[in-house]
Amino acid sequence: MAELLIPFAIFIVAMTGTPGPGNMTMMAIGQTTGFRTAVPFLIGTTIGFASLNLLVSLGLGEAFKQWEWLALTLKFGGAAYILYLAYKLFKLQAAPPETIKQFTISEGLLLHPLSPKSWAMSIAAYSQFFALLPVTAETTALFVFPFMVGQFTFHSMWCGLGAGLYNSLKNPQMRLMVNSSLVLLMLGATLYALTT
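Residues numbered from 1 in each chain as written. Predicted model: local features only at pLDDT ≥ 70, side-chain atom pairs only at ≥ 80, totals over all residues. Heavy atoms only, no water.

(A) Structural detail: the overall build of the protein. In terms of helices and strands, the protein carries nine helices and zero strands. Ordered by position in the sequence, the α and β elements of the protein form the string α-α-α-α-α-α-α-α-α. The burial tally for the protein puts 44% of its 196 residues in the buried class. Across the protein, contacts joining residues at least 24 apart in sequence account for 84% of those joining residues at least 6 apart. Surface exposure of the protein reaches about 9800 Å², of which carbon and sulfur atoms provide 75%. (Helix = DSSP H or I, 4+ residues; strand = E, 2+ residues; numbered from the N terminus. Buried < 20%, exposed > 50% of the residue type's maximum accessible area, 1.4 Å probe, protein only. Contact = heavy atoms within 4.5 Å. Areas by Shrake-Rupley, 256 points an atom, 1.4 Å probe, with all protein chains shown as cover.)

As structure tokens, then:
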């Protein structure tokens, strides 16, 4: 098992650190309302992603391989949810500060379980690094917790980058332009996941 840990860690960094719906959403929230306001959503995404990985380690990933309709439902349900998040981000940018409704823990909980990229990443990681190992509490923890740490770390970093933009961009038109670009990137990452 020890020889799998370094390649698994590299896989986690490559998958959780790169742009995707989760990181783009965190960056857009940070850019729109700042880091502190994104914390509940960040907590939700962390719990949601850990739950997804736990389900994959217990065998749910196989259901997506066997039942194509389930994978298709996830793809389009996930796309609809990302569209909802994009709409909310646009609305936040245009709303007066006193009327802004922040992203919640429950909204964060749904992000990864409804993200095709997250499922593909989790299933690929489990198949490649853990499928031949016995399912024990130790192997499940070794699969779930490093992923959770990577996801939390990189979501925080992307959100922090967005918050840096929030603090440096004082012009509302410039903020709207940056926010629109981030939302389009988020939608593009989702569209890419739908077509692959």
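(B) Up close: the environment of Pro19. Relative to the elements of secondary structure, Pro19 occurs in the loop between helix H1 (2-17) and helix H2 (21-33). The spatial distance from the C-alpha of Pro19 to the C-alpha of His155 is 9.9 Å, given a sequence separation of 136 residues. Excluding anything up to four places from it in sequence, Pro19 contacts Met24, Lys117 and Trp158.

(C) Summary view of the environment of Leu111. Tracing the backbone shows Leu111 in helix H6 (residues 105-111). Taking the C-alpha atoms as reference points, Leu111 and Gly48, separated by 63 residues in sequence, lie 7.2 Å from one another. Beyond its immediate stretch of four places on either side in the chain, Leu111 contacts Gly22, Thr25, Phe41, Thr45, Tyr81, Ile82 and Leu85.

(D) Inspection of the packing of aromatic side chains at higher detail. Inspection of the entire model under this criterion finds 13 aromatic pairs. Here the aromatic rings of Phe11 and Phe147 are separated by 6.4 Å at their centres, their planes lie at 85°, and the arrangement is edge-to-face. Note that Phe11 is positioned in helix H1 and Phe147 in helix H8 (residues 137-168), a separation of 136 residues in sequence. Clustering of aromatic rings is evident, with ring pairs tying together Phe8, Phe11, Phe49, Tyr126, Phe129, Phe130, Phe143 and Phe147. In this structure, Lys88 packs its charged tip against the face of Phe103, placed 4.5 Å from the ring centre. (Phe/Tyr/Trp six-rings, centres within 6.5 Å; stacked < 30°, edge-to-face > 60°. Lys NZ or Arg CZ within 6 Å of the ring centre and 35° of its normal.)

(E) Region of interest: the pattern of salt bridges. Summed over all chains, the structure comprises one salt bridge. Residue Glu107 is joined to Lys88 by a salt bridge in which the shortest nitrogen-to-oxygen separation is 3.0 Å. One end of the pair, Glu107, is in helix H6; the other, Lys88, is in helix H5 (residues 68-94), and 19 residues separate them in sequence. Relative accessible area serves as the criterion here: at 10%, Glu107 is assigned to the buried category. (Salt bridge = Lys/Arg side-chain N within 4 Å of Asp/Glu carboxyl O.)

(F) Layout of a nonpolar patch on the surface. On the surface, a nonpolar cluster with roughly 510 Å² of combined accessible area is contributed by Phe35, Val39, Ile43, Ile47, Ile105, Leu109 and Leu110. Counting only elements with at least two residues in the nonpolar patch, the list comes to helix H3 (35-57) and H6. Among the elements that take part in the nonpolar patch, H3 stands out by supplying four residues, more than any other. Turning to its location among the elements, Ile43 is positioned in helix H3. (Patch = residues over 30% accessible without salt bridge, like charges linked within 9 Å, V, L, I, M, F, W, Y side chains within 5 Å.)

(G) Focus on the environment of Ile43. Classification of Ile43 by relative accessible area gives partly exposed; the value is 36%. C-alpha separation for the pair Ile43 and Phe152, spaced 109 residues apart in sequence, amounts to 8.2 Å.

(H) Summary view of the side chain of Thr25. Turning to its location among the elements, Thr25 is positioned in helix H2. The class of Thr25 is buried, set by a relative accessible area of 0%. Excluding its chain neighbours within four sequence positions, the residues that come into contact with Thr25 are Phe41, Leu85, Leu111 and Met186.

Shape is all these values report; function is a separate question.
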